[in-house]
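# Coordinates in review
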Amino acid sequence: MDWKLELVAIPVSDVDAAKAFYTEKVGFNADHDHNISDELRFVQLTPPGSACSIAIGKGIVEGEPGSVKGVQLVVSDVEAARRELVERGVEASEVQEAPGGRFVFFNDPDGNRWSVQQIG
C-alpha cells in the first residue's frame, strides 16, 4: 500500500495576503480557492513540480499562525532557487552548507518557516 502525503495545512492570519505571498512571491500554483461558508474557506497551493500541496484558509487548521517551522522544499539548484525568491521580493537567507546538503530559509508573512534544500 502506498501512503502519499498530499496536503499540509499551514495556519495563517490573513488568507488573501498569504495566498498572494505564496503565489506571487514564492511561485506556488493556486489550485483551489473555495468559500464553503462564512466560517470555512479552503485555498490549495502547490509548489511547481510537487505532488504535495499546502492548504491555507479559514476554519481548516487549529494551529496558531506562524507556528509551522521546518516545512521543506527540495530543489536541484539552491542558488537559483534563492535568486528566484529574492527577485520576487522574498527575504531569504544566504545559502548555508550543512550535513545533508545546502539550505536557504525564508518565512511567510506570519512567520511560518520554510527551508529549501539542495541534497548532497
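The next thing to look at is the environment of I10. By the element assignment, I10 lies in the loop between β1 (7-9) and α1 (15-25). Residue I10 is classed as buried on the basis of its relative accessible area, which comes to 0%. The sequence separation of I10 and H34 amounts to 24 residues, and the corresponding C-alpha distance is 16 Å. In this structure, I10 is in contact with Y22, I54, A55, I56, V61, V68, V71, D108, N112 and W114, ignoring residues within four places of it in sequence.

Once that is clear, we can look at the nonpolar core. Judged by nonpolar contacts, the single largest core of 24 residues is most densely connected at I10, Y22, I56, F106 and W114. Going through the elements one at a time, α1, β3 (40-46), β4 (53-58), β5 (69-74), α2 (78-87), β7 (101-107) and β8 (113-119) are the ones with two or more residues in this core. Looking at this core element by element, the count peaks at four residues for α1. Apart from residues lying up to four places away in sequence, W114 is in contact with I10, Y22, F28, I54, V71, L73, V104, F105 and F106.

This next bit is on the sheet that holds β4. Taken together, four strands build an open sheet; the order of strands is β1-β4-β3-β2 and the sheet is mixed. Both edges of this open sheet fall to β1 and β2 (29-37), since each of them pairs with a single strand only. Pairwise comparison of adjacent strand axes, ignoring direction, gives a mean angle of 25 degrees for this sheet. Both β2 and β3 contribute to a ladder of seven bridges, which runs antiparallel. Of the residues in β3, the one forming a bridge with D33 is V43. Its contacts with the sheet put α1 on β2, β3 and β4, and the angle it makes with β3 is roughly 10 degrees.

All right, on to α2 then. For α2, the set of buried residues is V78, A81, R82 and L85. On an axial view of α2, the arc spanned by its buried residues comes to 100 degrees, and they lie on one face. Summarising the contacts, the buried residues of α2 are in contact with α1, β7 and β8. With a side-chain oxygen positioned 3.1 Å from the backbone nitrogen of E79, the residue opening α2 is D77. In the stretch just after α2, G89 is the one whose phi turns positive, near 100 degrees.

Here we come to the packing of aromatic side chains. Here the structure, examined in full by the defined rule, presents seven aromatic pairs. Where F28 meets W114, the ring centres are 5.8 Å apart and the plane angle is 75 degrees; that geometry is what we call edge-to-face. Of this pair, F28 sits in the loop between α1 and β2 while W114 sits in strand β8; the two residues are 86 residues apart in sequence, bridging distant segments of the chain. As far as the burial class goes, F28 and W114 line up, both buried. Between F106 and W114, the aromatic rings sit 6.1 Å apart at their centres with planes inclined by 5 degrees, giving stacked as the arrangement. Across the pair, W114 and F106 agree in class, each one buried.

The rules we used
Residues numbered from 1 in each chain as written. Predicted model: local features only at pLDDT ≥ 70, side-chain atom pairs only at ≥ 80, totals over all residues. Heavy atoms only, no water. Helix = DSSP H or I, 4+ residues; strand = E, 2+ residues; numbered from the N terminus. Buried < 20%, exposed > 50% of the residue type's maximum accessible area, 1.4 Å probe, protein only. Contact = heavy atoms within 4.5 Å. Core = buried A, V, L, I, M, F, W, Y, C linked by side-chain atoms within 4.5 Å. Pairing = 2+ DSSP bridges. Axes fitted to C-alpha atoms, helices over the stretch in contact; angles between N-to-C directions. Arc of directions from axis to C-beta. Polar contact = N/O pair within 3.5 Å; in protein donor to acceptor, adjacent residues only side chain to side chain. Phe/Tyr/Trp six-rings, centres within 6.5 Å; stacked < 30°, edge-to-face > 60°.

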